[in-house]
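Single-letter residue listing:
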Amino acid sequence: MADLKWYPSSWKSRTAAQMVDYPDQQVLERVLTKINTLPPLVTSAEIERLRFQLAAVQRNEAFLLHAGDCAESFDACTEQNISAKIGLILSFSLILIWGGRLPVVRVGRIAGQYAKPRSSRTEIIDNKEVLSFRGDNINGLDPNDRTPDPERLLSAYFHSTATLNYVRGLLTSGFASLHHPRDWSLSHVRSPALRSEFEKITKGLSDALDFSHTIGADLGRESVPFDQGGGRGVLGEVDFYTSHEGLMLDWEQAMTREVDIIESGSSLKEKGFYNTSAHFLWVGDRTRQLDGAHIEYFRGIRNPIGIKVGPSLENAELIRLLQIVNPNKESGRVTLITRYGASKIGDHLAGHIEAVKRSQHPVAWVCDPMHGNTLTSNSGFKTRNFGTIISELTSCISIHAACGSRLGGVSLEFTGELNDEGFSVTECLGGSMELSEEQLGLRYQSFCDPRLNFEQSLDVAFLISNYFKEERLGGKGENSIYAALGGRKIVS
């Protein structure tokens, strides 16, 4: 099927899962036509730059951090929420760089991650059957606002634009400067032994930053604050990329543009199709059918893409997927995001690794320890247990090592949001703050899946950083933080 001619609308000849039934097709077409005339959100040059950096991840020369909300909402498009999210991603990546001594490629689930797949078309609310909530770009969370509205796609474009504009402004005006470090407060850590381990890491990181300052790594214009005319320099500017699940194919097609492919050192002019709504898109577990519409669309765009890999994916099917979306085995093109669940990873990951190695397809392996570990608490909240999350993550690291492979990144649903009193959300159990089931209702804010809060997110960062630091220094990656955070026995 991959040898057939591709064009942005060729997906319409295939069966599409998770499609939305709009009652007024004329309004939908009018909105999509308008979106198709609006400027791109990202450029082809930025997309090609990300492909280059993901190729480094595939060669184990960089680490991918893919993180953000399960699903964004229009109401959460605020200065405070965006700043908190970007700040957490920067803090997390800085901790990883310190431990692993590798560049971190930062890809946010932001500026377009509005739609969500659902297992059922309808749901029961107050004894009444209504259409399921599919995300702010489709319908409303209010049960009385569930009719899909095409105008929401246009609203999604402008909310994404506003978000991305503010992110770009933050990152080009000193927000990422190491002269303004994040809050490293460890007051939330209840375990004295764990707090001691974290303090070793933060002190080492602070010493490294002080050393850089002392030897003049930030001399000249870099030592002057940005708002006083200083330059950004290596300590003040970072690359940041956006992503979302490529679920709404009408939207994705409308944002697809044909432009010249930019390749250094080549004078040949070749055109390619880029999805300009985000730098990176992924196809989910529910929409990766070999002969489906989503894979048909994904195979034709130049963007680097992710494929969710779960326990239902057979080895042969995985290789066929790679053959379809990357027949020429181009570097930087495909990222495999595994999401098995802590109890199932030992049964599936090694087989997938060996199958991909035999196929010689270049991929980046990323662990999503969130989606396979969701449960419902006794109090009725959808939640995840921190100990189970890090169990899948550490098992993933261990299995890759046993197979002669290496984990190249992590995909997390987290948030740095704080309420007016400065407290984090309470959606996932456990972590160094030992969040209990009775505390879930205190600040449960997600309308979709539960997210790690600020403190729990840094717990994961410290865990990964310390693991790779010990490995880098010649140890076996044994991690004293792991058990203290509630992890279970690692699958070998």
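Residues numbered from 1 in each chain as written. Predicted model: local features only at pLDDT ≥ 70, side-chain atom pairs only at ≥ 80, totals over all residues. Heavy atoms only, no water.

A. Just the sheet that holds strand 1 (residues 63-68), in detail. Pairing in this closed barrel of eight strands is parallel, and the strands run 1-2-5-8-9-10-11-14 around the ring. Across this sheet, the average inter-strand angle for adjacent strands is 25°, counted without regard to direction. Pairing of strand 2 (residues 104-109) with strand 5 (residues 241-245), which is carried by three bridges, proceeds in the parallel orientation. Its bridge partner lying in strand 5, Arg109 is registered against Ser243. (Pairing = 2+ DSSP bridges. Helix = DSSP H or I, 4+ residues; strand = E, 2+ residues; numbered from the N terminus. Axes fitted to C-alpha atoms, helices over the stretch in contact; angles between N-to-C directions.)

B. Region of the structure containing the pairing of strand 4 (residues 128-131). In the sheet, strand 3 (residues 122-125) pairs with strand 4 via four bridges, with the strands oriented antiparallel. Among the inter-strand pairings, Glu123 is bridged to a residue of strand 4, identified as Val130. From the end of strand 3 to the start of strand 4, which pair antiparallel, there are two residues, and Asp126 there has a positive phi angle of about 55°.

C. Local environment of the nonpolar core. Within the largest apolar cluster, 103 residues are counted, with the highest numbers of intra-cluster contacts made by Phe92, Leu336, Leu412, Leu452, Val460 and Ile464. The element that contributes the greatest number of residues to this core is helix 3 (residues 79-100), accounting for ten residues. Once residues within four sequence positions are removed from consideration, Ile464 is found in contact with Phe63, Phe92, Leu96, Leu393 and Val410. Residues Leu50, Val57, Val107 and Phe280 belong to the second largest nonpolar core, which totals 14 residues. (Core = buried A, V, L, I, M, F, W, Y, C linked by side-chain atoms within 4.5 Å. Buried < 20%, exposed > 50% of the residue type's maximum accessible area, 1.4 Å probe, protein only. Contact = heavy atoms within 4.5 Å.)

D. Examining the pairing of strand 2 more closely. Burial analysis of strand 2 places six of its six residues in the buried class, the great majority of the element. The alternating pattern of strand 2 places Val104, Arg106 and Gly108 and Val105, Val107 and Arg109 on opposite faces, both of which are buried. Bridge analysis of strand 1 against strand 2 gives six bridges, and the strand direction is parallel. Across the sheet, residue His66 finds its bridge partner in strand 2, namely Val107. In this fold, the crossover linking strand 1 to strand 2 by way of helix 3 has right-handed handedness. (Right-handed = clockwise from strand over helix to strand, strands pointing away.)

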